[in-house]
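Letter by letter, the chains look like this.
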Amino acid sequence: MPIIDHFGLLAPLYETFIPSKNTEELSILAGLPTSGALLDAGGGTGRVAQFMSEKASLVVVADLSCKMLAEANQKEGLSPVCTPTETLPFTDGSFERIIMVDVLHHVIDRKRTIKELWRLLASGGTMVIEEPDVRTLPVILIAIAEKLALMRSHFISPSRIASLFDFTDAEVRIQKNGTTAYIIAKKQIPAK
C-alpha cells in the first residue's frame, strides 16, 4: 500500500484546521527564552515555532514534509529544513532547546527519533515533547479517526514516551494539562 502524504496535501490549509495556539506553557516548560538555538522537530508549517522566533537566537523548523515547510518559510524568523526526525543534519549539541509538538505519534521510528534529538541537545539543555494523552477518550477517538484516514499514527502513553529517554544524563518528568501530556527532559551537564 503506498504511503499517502497527508501533510503535503493539507499544507496550504493546515492552520485553518489546526490553528496556532497559546505557546506560553510550552515556552515555560522549555525554559525559554534562551540565548542558544531552538529546534522544532516535526514543526510543519511553523504554527508553534513562529511564536518562539524572538525567544532564541535561531529557530529551526525540521519536518519531513517539504510542502508543510513551504508554509513555514513564509513566516518571519524561521529556518526550515526538510528532513526526517530520525536522521537530522546537525552537529552534536547544536540546540539549547528542542520542542516536538503533536508529532511523536507520526514518526516512523520513535526510539531512533528520541536518540537523534538527544544527540542534538546541548548539555544543560531542555527538550519538551508535547503529545495528546492516549489514555483519554477524546484522544482515543482522534487515534481511531487517524487510523481510518490511513495515517501511520501510533499513539503511546506519556510513561512510555518518558521511558524512551533511557540515557544516563537524562532527567525526565511528565506534566499533564487536560488531554495533553508534556514530557520534559533535561540533559545534565557532565561532572568535571
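Located above this text is the structure these notes cover.
So, how was this worked out
- Residues numbered from 1 in each chain as written.
- Predicted model: local features only at pLDDT ≥ 70, side-chain atom pairs only at ≥ 80, totals over all residues.
- Heavy atoms only, no water.
- Pairing = 2+ DSSP bridges.
- Helix = DSSP H or I, 4+ residues; strand = E, 2+ residues; numbered from the N terminus.
- Right-handed = clockwise from strand over helix to strand, strands pointing away.
- Buried < 20%, exposed > 50% of the residue type's maximum accessible area, 1.4 Å probe, protein only.
- Contact = heavy atoms within 4.5 Å.
- Polar contact = N/O pair within 3.5 Å; in protein donor to acceptor, adjacent residues only side chain to side chain.
- Salt bridge = Lys/Arg side-chain N within 4 Å of Asp/Glu carboxyl O.
- Phe/Tyr/Trp six-rings, centres within 6.5 Å; stacked < 30°, edge-to-face > 60°.
- Lys NZ or Arg CZ within 6 Å of the ring centre and 35° of its normal.
- Axes fitted to C-alpha atoms, helices over the stretch in contact; angles between N-to-C directions.

1. Here's the deal with the pairing of strand β3 (residues 79-82)
No. 1: In the sheet, strand β2 (residues 58-63) pairs with β3 via 4 bridges, with the strands oriented parallel. Within β3, the position partnered with Asp63 by the bridge is Cys82.
No. 2: At this point the chain moves from β2, through helix α4 (residues 66-72), to the parallel β3, and the crossover so formed is right-handed.

2. Some remarks on helix α5 (residues 110-120)
No. 1: All of the buried residues in α5 are Arg110, Thr113, Ile114, Glu116, Leu117, Trp118 and Leu120.
No. 2: For α5, the secondary structure elements touched by its buried residues are β1 (37-41), β4 (95-101), β5 (121-132), α7 (158-163), β6 (170-177) and β7 (180-187).
No. 3: With a side-chain oxygen positioned 3.3 Å from the backbone nitrogen of Lys111, the residue opening α5 is Asp109.

3. Examining the pattern of salt bridges
No. 1: For the structure on display, the rule yields 5 salt bridges.
No. 2: Among the ionic pairs, Arg119 bridges to Glu116, the shortest N-O distance being 2.7 Å. In this pair, Arg119 and Glu116 both sit in helix α5, 3 residues apart, roughly one turn of the helix.
No. 3: Here Arg119 falls in the partly exposed class, since its relative accessible area comes to 26%.
No. 4: Close ionic contact of Asp133 with Lys176 constitutes a salt bridge, the shortest N to O distance being 2.9 Å. Of this pair, Asp133 sits in the loop between β5 and α6 (137-148) while Lys176 sits in strand β6, and the two are 43 residues apart along the sequence.
No. 5: On the accessibility criterion, Asp133 (0% relative accessible area) is buried.

4. Observations concerning the packing of aromatic side chains
No. 1: Under the counting rule described, the total for this entry stands at 4 aromatic pairs.
No. 2: Following the ring pairs from residue to residue traces out a cluster consisting of Trp118, Phe165 and Phe167.
No. 3: Across the ring face of Phe167, the terminal group of Lys111 is positioned such that the distance to the ring centre comes to 5.6 Å.

5. Let's talk about the sheet that holds β3
No. 1: Taken together, the 7 strands give an open sheet; going across it, the order is β3-β2-β1-β4-β5-β7-β6, and neighbouring strands pair in mixed fashion. Edge positions in the sheet fall to β3 and β6, since each of these pairs with one other strand and no more. Strand-to-strand, the axes of this sheet are offset by a mean angle of 20 degrees, without reference to chain direction.
No. 2: Bridge count between β1 and β2: 5 bridges; the pairing is parallel. Note on β2: the bridge partner recorded for Leu39 is Val60.
No. 3: Packing against the sheet, α5 makes contact with β1, β4, β5, β6 and β7, and its axis sits at approximately 145 degrees to β5.

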